[in-house]
Amino acid sequence: MPVYNLTINGQSHTVDADPDTPLLWVLRDHLDMVGTKFGCGIGQCGACTVHVDGSATRSCLIQVSMADTMEITTIEGISEDASHPIQEAWKEVDVPQCGYCQSGQIMSATAFLKQNPNPSQSEIRDAMSGNICRCASYNRIEKAVALAASKMS
Amino acid sequence: MKNTISPSFNRRSFIKTTALAGGGILIGFNLFQACKPEVAPPVDISQLNFNDFNAFIKIADNGMVTIFSPNPEIGQGVKTSMPMIIAEELDVAWDNVHVVQGALDTKNFTRQVAGGSQSIRFGWEPLRQTGATARQMLVNAAAAKWGVDSSTCKTENGVITNGNGDKLGYGEVVKEAAALEVPENVTLKEPKDFKIIGTDAGNVDIDKIITGKPLFGLDYKEEGMAHAVVLRPPAFGNKLEVCDDTAAKSIAGVQDVIKFGDKIAVLAKDTWTAMKGKKALEATWTTDSKLESTEGHDKILTDLLNGKKFKTMRADGDVKKAFATADQVIERTYESPFLPHNCMEPMNFFADVTPEKVRLVGPIQTPAGTARRVAELLEREVEDVSVEMTRMGGGFGRRLYGDFALEAAEISKLAKKPVKVIYSREDDMGAGIYRPSIKYKISASVKDGKITGYHLKEASVNSNMYGLIPNFFPAGAIENYQVDVASYDSKITTGAWRAPYTNFLSFAEQSFFDELAEILEVDRIKLRLDLLQKVKGTTDERIQYSPERLENVIKIAVEKSGWGNAKEGVYQGFSAYYCHNTHVAEVAEVILENDVPVVKKVTCVVDCGIVVNPLGARNQIEGGVIDGIGHAMYGDFSFKDGEPQSKNFDKYRLIRINETPVVETHFIENEMSPTGLGEPALPPAGAAVANAIKAAKGIRLYKQPFIKHMTAKAPLG
């Protein structure tokens, strides 16, 4: 099997995987970085969201063979001690119910706030609409993104 | 009325303590069943045996408290709220409490289950008793040390004091306390003295969740474990004829292909390889009977509703006579599709079956029942089976059924190695245990402007409403009242889905009463309140709800929502319901954007007794309301020739953040024993929205999902 060199959270990793293996499964099964979640496998739910060159991207749709030139950031790279303003806001608002989708939500929110540090409520709702929360913690996601924006400004 | 009575439990011998070899005291207790007199908690923390006790508290020498939370966590918050109840009576600072999910070696338990919103209701009394008993033992130990009467001692935040100014931390007396007799009678705190209960506590797993630590079943792995993906019959009613696995086996990394029953498992070194292996299987399927479709169900259920094959669940007075002598009979039919659960974490389970033992790890709402079923399947003793519960990426009822754990166990046995079975989303939606499709026909007779009779008929695929539900509102409020059910046995697997039965029944009834008010030209709030007056003082023991508490939430919802005083262009809809021992009223506000109804706000008033953790409780209400709206609005799931017509989120619509209203929650403040909140906010939401849509657009909705029926001129039922 071919060998790929991936740059994840600023560190270089060597992976031996089939070229069509989605980045999602490389992270989870090959590199033991399980913060990135599997939800649908077709880019519809957002649970597997990572940053590729700074943009929120569904890792289930990126094949490992395409990923070796990319700068990848996962939830594990946001901060280890939950000290990123977005994580702090998530904690302050106590967003999660089951918690499964939340790393994807946080990754979408982080990339979004970088592009738009002072979003309106409707911009937050639009930007976060690619991420499903089955427990419907949506009111709190909305609040936490707004709070994080105010923390970061 | 049963609302003020806490579920009873047998206190005798349900708490045992022991000194830990490593220091500190270990308290084993049983929440739901007294333990056998001869068992004692272990002295080594690694030997916790959840056969003997289903929960433990460890108080260390330094005063830190570890609580092994007994009930499965599916997002309903019990991993936070149940330990809060113990910590309250133990009288320790919440910051000094560490919570660990208790595992289960299953045997003897009646209720280590997440389901029916019952964890807090049943846990309330025993959890308090346990905390208070431990506190009393620590106080007794300190009092003996000081040579004072224990009644002169006080506790606060894990510190014991006496009248002489002496002070001892819990950690300083744990050794002595562990050697004391367990006191039989302890005093519980007055609710006014609560310091932890009623205050906001954040999710105990939050740091792990937001940093992406392994927590969920899907994250679980062990050395040497195979990843298994299973090909199941594509249609309900299909049987496996033959399967060619040559191509699958030729894929590098595929370790094994195992046929079991009508299913084929592909085992591989990683998930993706197993998924590729599954795609490469060439299976042919047969069927020995006609495959079912939604169209067929529609006809069958309609025929059942119009037929005579009913079982009567409750009958008061004489409905027939009331209808025969009525001035007017109003009859409406309400229809719902099947619904999949769609937990965000697809079904999965780990199993390691060896000649010595059966180890199961994963997300499960019913660890005890699942262990029993696995033992039966493998023809093993239940004592050989252990279950470790992971955090669950949602449950909603789907994880009550251990079918995925049984698959994992069977595959592990055949493969002779540890395996983790993983469902793809398509597997998860396609091999579901769905909320069944249901139709209700509700009729009311009116005489001299009064409702004299009420007849509800249910036709359902597979399971019907059960036990107590016919005793919910409006039972007791209408003299002639009857509930009849009929069902059709289907091959499609169905089961409990968040707020089972009432999730749709509430929509039907609360829509019906709304329309009834319009037809009778009476105020829709007054109609409900008038009916409730007739239930007050009832001697009917079967009646489940409290008319006083339901009346109260209705009145408070009217006040808090500004009912009747909406701004121009804002249309309100009302709904109130009792289920899962909790009384809820909701007011939905809808506006029209380009003539399309958009739900902007829901005001929700809840009487669940004492609110243990308001922060978590509000989250449950917000989620329950939005979940209820989402499924009423968009949830559409159909079958053709036995096969589900949507298998992923490209064809199955779940509500998203840009479609959600603001949920404003108000809890009734009282000192009643608490009830659960995982479910009761969901059922009223659909009717509140439907009634608001009626106000906005003049369209009365009788069928879910609304999105399909909102624009068409809705036919009368």
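A closer look at the overall build of chain A
And step 1. Helix and strand content of chain A: 6 helices and 5 strands.
And step 2. Across chain A, helices and strands are ordered from the amino to the carboxyl terminus as β-β-α-β-β-α-β-α-α-α-α.
And step 3. Its C-alpha radius of gyration of 15 Å places chain A within 12% of the 15 Å reference for a compact globule of 153 residues.
And step 4. Per-residue burial over chain A gives 59% buried out of 153 residues.
And step 5. Of the contacts formed within chain A by residues at least 6 apart in sequence, a portion of 60% connects residues at least 24 apart.

So, the overall build of chain B
And step 1. Counting its regular elements, chain B contains 17 helices and 29 strands.
And step 2. Its C-alpha atoms give chain B a radius of gyration of 27 Å, near enough to 27 Å, the size a compact globule of 717 residues would have.
And step 3. Each of the three principal axes of chain B carries a C-alpha extent, and together these read 80 × 70 × 45 Å.
And step 4. Evaluated residue by residue, chain B yields a buried proportion of 56% over its 717 residues.
And step 5. Intrachain contacts of chain B at a sequence separation of at least 6 include 77% that bridge at least 24 residues.

Some remarks on the confidence of the model for chain B
All names here are of chain B.
And step 1. The share of residues in chain B with pLDDT of 70 or more is 92%, and the mean pLDDT across the chain is 91.
And step 2. Counting contacts from residues 1-12, a segment whose pLDDT is below 50, to residues more than four positions away or on other chains yields 18 contacts.
And step 3. In this model residues 712-717 is a low-confidence stretch, pLDDT under 50, and it forms 10 contacts with partners more than four residues away in sequence or in other chains.
And step 4. Here the predicted complex scores 0.93 on pTM and 0.98 on ipTM.

Focus on the packing of helix α4 (residues 102-115) of chain A against helix α6 (residues 138-152) of chain A
Residues and elements named next belong to chain A.
And step 1. For the pair α4 and α6, interaxial distance at closest approach is 11 Å and the crossing angle is 40 degrees. The orientation of α4 with respect to α6, classified from their angle, is oblique. The element α4 and its partner α6 pack so that their crossing is right-handed. From α4, Q105, A109 and L113 reach across to α6, where they touch I141, V145, A148, A149 and M152.

Things to note about the nonpolar core
All names here are of chain B.
And step 1. Counting residues in hydrophobic clusters, the biggest one holds 251 residues, and the most contacted among them are L138, A228, V266, L360, A405, A408 and V689.
And step 2. In terms of residue count, helix α2 (residues 119-146) provides more of this core than any other element does, 9 residues in total.
And step 3. Leaving out residues up to four positions away in the same chain, V689 has contacts with G573, A588, V590, V599, I629 and A632.

Some remarks on the packing of helix α15 (residues 614-634) of chain B against helix α16 (residues 683-697) of chain B
Residues and elements named next belong to chain B.
And step 1. Across the interface, α15 lies against α16 with an axial gap of 7 Å and an inter-helix angle of 60 degrees. One finds that α15 runs oblique with respect to α16. When you trace α15 past α16, the crossing you get is right-handed. Residues V625, G628, I629 and A632 of α15 touch α16, and the partners they reach there are P683, A685, G686 and V689.
And step 2. Looking at side-chain class alone, the contact of α15 with α16 contains 6 nonpolar, 2 polar and no charged residues.

Comments concerning helix α3 (residues 85-93) of chain A
And step 1. What α3(A) keeps buried is the set I86(A), Q87(A), A89(A), W90(A) and V93(A). The arc that holds every buried residue of α3(A), seen down its axis, measures 160 degrees, which confines them to one face.
And step 2. On its buried face, α3(A) is in contact with α4 and α6 of chain A together with α4 (206-211) of chain B.

Some thoughts on the sheet that holds strand β16 (residues 328-336) of chain B
All names here are of chain B.
And step 1. Reading across the sheet, the 5 strands line up as β15-β23-β22-β21-β16 and stay open at both edges, with mixed pairing between neighbours. Pairing within the sheet leaves two strands with one partner each, and these edge strands are β15 (311-316) and β16. Sheet twist, expressed as the average angle between the axes of neighbouring strands with direction ignored, equals 10 degrees.
And step 2. In this structure, β15 lies alongside strand β23 (residues 480-488), joined through 5 bridges in antiparallel fashion. If you follow A315 over to β23, its bridge partner there is Q482.

Definitions and limits used
- Residues numbered from 1 in each chain as written.
- Chains lettered and ligands numbered in written order.
- Predicted model: local features only at pLDDT ≥ 70, side-chain atom pairs only at ≥ 80, totals over all residues.
- Helix = DSSP H or I, 4+ residues; strand = E, 2+ residues; numbered from the N terminus.
- Rg over C-alpha atoms; globule rule 2.2 N^0.38 Å.
- Buried ≥ 20, exposed ≤ 12 C-beta atoms within 10 Å, placed from the backbone.
- Contact = placed C-beta atoms within 7 Å.
- pLDDT = per-residue confidence, 0-100.
- Axes fitted to C-alpha atoms, helices over the stretch in contact; angles between N-to-C directions.
- Parallel < 35°, antiparallel > 145°, perpendicular 65-115°, else oblique.
- Left-handed = near helix turned anticlockwise from the far one by under 90°.
- Core = buried A, V, L, I, M, F, W, Y, C linked by C-beta atoms within 7 Å.
- Nonpolar A, V, L, I, M, F, W, Y, C, P; charged D, E, K, R; others polar.
- Arc of directions from axis to C-beta.
- Pairing = 2+ DSSP bridges.

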